[in-house]
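A structural walkthrough
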Amino acid sequence: MKQSVTFCSQGLNVAGVLFTPKTGEPHPAIVIGHPVTSVKEQSPSIYARSLVEKGFVVLVFDATYQGESEGEPRLLEDPIARSENIKDAVSFLTTRDDVDPERIGALGICGSGAYVPFAAQTDRRIKAVATISAVNFGDMLREGADLGGQDPAILAGQVALSNQARTDAANGRTVEPLPLLPMSEEEAEQTPGRSMMREAYDFYRTPRCMHPNAPSKIAVQSFDLLAQWDGWEFITDISPRPLLMIAGTAAETGVHSERAIERAAEPKELFWVEGASHVDLYGDREQFRPIVVDKLTEFFDQYLGAPAR
């Protein structure tokens, strides 16, 4: 079963959906964080529906400033707030009679694949950390999606826009969010085939998984927040709790998971899904989702304790 829930994070109401197994005894639980520009009804709910069938309580939610959650400016991507949202989601789960507070894990998808490990570095209530198609957005802005380097003028321009947006907002002027993804098929076709941007258009901007609360835009003020943030800086602090990172062999963003795993301490694992791109692992591809769900179930069973099935 599932129910709408709310909890507070940094003084703002967060909208979530709680998926619970049919049996009533305390269960292990998993918090799922959504990708950048996404909402809880998309990838997080796809995986939640699979994981609740495995006996886990699963909480998905909209980050503050996004979706149905409170916060202004709308569509702000604040990595510190995102981390706090995850920690406050864990706090919410500890209040539930159907959750074992000593058996809570967290899963981050795409951008949350860096926010979740970042939160877990200091929130040791998170007993197991997993990611799917992780992207460290700070690294992406600084170095490009594939971390292959980019013209420094790109980041300089983004920071300049962010600075100007702060000035405009302070002076009462409207600051419109910017598209972060291709907004038309024509724009998508200008990006490399099977790239994150090309396939993100297909996932988010077509009936495949479009949602009215996910306009594929970002508040301009986000850029300077993200540019100075690194989700992996203290990633060794997750240890001795386990870290699992899942990525597709055809994803240009796989290098983000490789970098994180290289820096992390044991126990850690990078699990490759053969032939999958970045967006292929968002959950709606039938040839890939069972592979990911089986791996996540094995991981959370081992480190949170297998729930009754």
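Residues numbered from 1 in each chain as written. Predicted model: local features only at pLDDT ≥ 70, side-chain atom pairs only at ≥ 80, totals over all residues. Heavy atoms only, no water.

**Focus: the environment of I132**
The condition is simple: Put simply, DSSP H or I for four residues or longer makes a helix, DSSP E for two residues or longer makes a strand, and each gets a number counted from the N terminus. Using a 1.4 Å probe on the protein chains alone, a residue whose accessible area is under 20% of its type maximum counts as buried, one over 50% counts as exposed, and one in between counts as partly exposed. Note on contacts: a residue pair is in contact if any heavy atoms of the two residues lie within 4.5 Å.
One can find I132 in strand β6 (residues 126-132). With relative accessibility at 0%, the residue I132 sits in the buried group. In contact with I132, other than residues within four places in its own chain, are Y47, L107, G108, I109, C110, I246, L281, V292 and L296.

**Description of the sheet that holds strand β10 (residues 268-273)**
Applied cut-off: Here, a strand pair is defined by DSSP locating no fewer than two bridges between the strands. Fitted lines through C-alpha atoms give the axes, limited to the stretch in contact for helices. The angle between two N-to-C directions lies from 0 to 180 degrees.
Pairing is mixed across the open sheet formed by eight strands, whose spatial order is β1-β2-β4-β3-β5-β6-β9-β10. Lying at the two open borders of the sheet, with one neighbouring strand each, are β1 (2-9) and β10. Going across the sheet, the axis of each strand differs from the next one's by a mean of 25 degrees, ignoring polarity. With respect to the sheet, helix α10 (residues 289-304) is in contact with β3 (27-33), β5 (99-109), β6, β9 (243-248) and β10, its orientation differing from that of β6 by roughly 165 degrees.

**Some remarks on the side chain of D123**
Assignment of secondary structure puts D123 in the loop between α3 (112-122) and β6. Taking the relative accessible area as the measure of exposure, D123 reaches 6% and is therefore buried. Setting aside chain neighbours within four positions, we find D123 in contact with K87, V90 and R241.

**Side note on the UniProt feature "domain: Xaa-Pro dipeptidyl-peptidase-like" (unreviewed entry) in the protein chain**
So the rule is basically this: UniProt positions are given in the numbering used here, feature names are shortened, and annotations may be inferred rather than shown by experiment.
In this numbering, the UniProt entry assigns the feature "domain: Xaa-Pro dipeptidyl-peptidase-like" (unreviewed entry) to residues 14-135. Helix makes up 30% of residues 14-135 and strand 30%, and the two end C-alpha atoms of the span are 23 Å apart.

**Observations concerning the packing of helix α1 (residues 43-52) against α10**
As a reminder of what qualifies: Each angle gets one of four labels, with under 35 degrees taken as roughly parallel, over 145 as roughly antiparallel, 65 to 115 as roughly perpendicular, and the rest as oblique. If you view the pair so one helix is near and one far, a crossing is left-handed when the near helix is turned anticlockwise from the far one by less than a right angle, and right-handed when it is turned clockwise.
Two numbers describe how α1 lies on α10: the axes approach to 10 Å, and their chain directions differ by 55 degrees. Relative to α10, the element α1 lies oblique. As α1 runs across α10, the sense of the crossing is right-handed. Contact residues: I46, Y47, S50 and L51 in α1; R289, V292, V293, L296 and T297 in α10.

**Observations concerning the packing of aromatic side chains**
To keep things clear, this is the line we draw: Stacked, tilted and edge-to-face pairs are distinguished by plane angle, under 30 degrees for stacked and over 60 for edge-to-face with tilted covering the rest, among Phe, Tyr and Trp rings (Trp via its six-membered ring) whose centres lie within 6.5 Å.
Scanning all chains against the criterion turns up ten aromatic pairs. Geometrically, the ring pair formed by F7 and F61 is edge-to-face, given 5.8 Å between the ring centres and 75 degrees between the ring planes. Highlighted residues: F7 in strand β1 and F61 in strand β4 (residues 57-61), separated in sequence by 54 residues. The two residues F7 and F61 agree in class, both being buried. When the centroid spacing of 4.9 Å and the interplanar angle of 85 degrees are considered together, the rings of F203 and Y204 count as edge-to-face. Within the aromatic cluster, the residues linked to one another by ring pairs are F56, F299, F300 and Y303.

**Here we look at the layout of surface pockets**
Going by this rule: Residues are called lining when one of their atoms sits within 4 Å of a cavity or pocket point, these points coming from a 1 Å grid over the protein atoms alone, where a cavity is a set in which a 1.4 Å probe fits but cannot get out and a pocket is an open set with protein on both sides within 12 Å along at least five of seven lines. Grid points are joined across faces, edges and corners, and a volume is the space filled by probe spheres set on the points.
The space that makes up the largest pocket amounts to roughly 220 Å³. Looking at the largest pocket, it is lined by 15 residues, and the ones nearest its centre are M140, G144, A145, Q150 and M197. Those elements that provide at least two residues to the lining of the largest pocket are α4 (137-143), α5 (152-170) and α7 (196-204).

**Points about empty space enclosed by the protein**
What counts, and what does not: Any residue outside Ala, Val, Leu, Ile, Met, Phe, Trp, Tyr, Cys, Pro, Asp, Glu, Lys and Arg is labelled polar, Gly included; the first ten of those are nonpolar and the last four are charged.
The tally for this structure, following the rule as stated, stands at two cavities of 30 Å³ or more. Of the voids in this model, the largest cavity is the one considered here, and its volume is about 100 Å³. Counting only elements with at least two residues in the lining of the largest cavity, the list comes to α4 and α7. Top contributing element to the lining of the largest cavity by residue count: α7, with four residues. Of the pockets and cavities examined, the second largest cavity occupies roughly 40 Å³. Contributing to the lining of the second largest cavity are T37, S38, V39, Q66, G67, L75, N213, A214 and P215. Residue composition of the lining of the second largest cavity, grouped by class: four nonpolar, five polar and no charged.

**Quick word on α7**
Here α7 has its buried residues at M196, E199, A200, Y201, F203 and Y204. Along its buried surface, α7 packs onto α1, α4 and α6 (185-188).

**Regarding the nonpolar core**
Let me state the cut-off plainly: The set of buried Ala, Val, Leu, Ile, Met, Phe, Trp, Tyr and Cys residues whose side-chain atoms join them within 4.5 Å is what this entry labels a nonpolar core.
Core analysis: the largest hydrophobic core is formed by 85 residues, its most contacted members being I32, Y47, L93, L281, L296 and F300. If you look at the next biggest cluster of nonpolar residues, it comprises five residues, including L12, Y65, L76 and A219.

**Some details on helix α9 (residues 254-263)**
Worth spelling out the cut-off: By arc we mean the arc of the directions from the helix axis to the C-beta atoms, nothing more.
Within the span of α9, buried status applies to G254, H256, S257, A260 and I261. The buried residues of α9 occupy one face: seen down the axis, they fall within an arc of 155 degrees.

**What about the pairing of β5?**
The cut-off we apply is this: With strands facing away from the observer, any crossover in which the path from the first strand over the helix to the second runs clockwise is taken as right-handed.
For β5, a buried count of eight out of eleven residues is recorded, marking the element as mostly surrounded by other parts of the structure. Note that β5 and β6 share six bridges and pair parallel. Each residue of the ladder has a partner; that of I109, found in β6, is I132. Traced from β5 through α3 to β6, the parallel crossover comes out right-handed.

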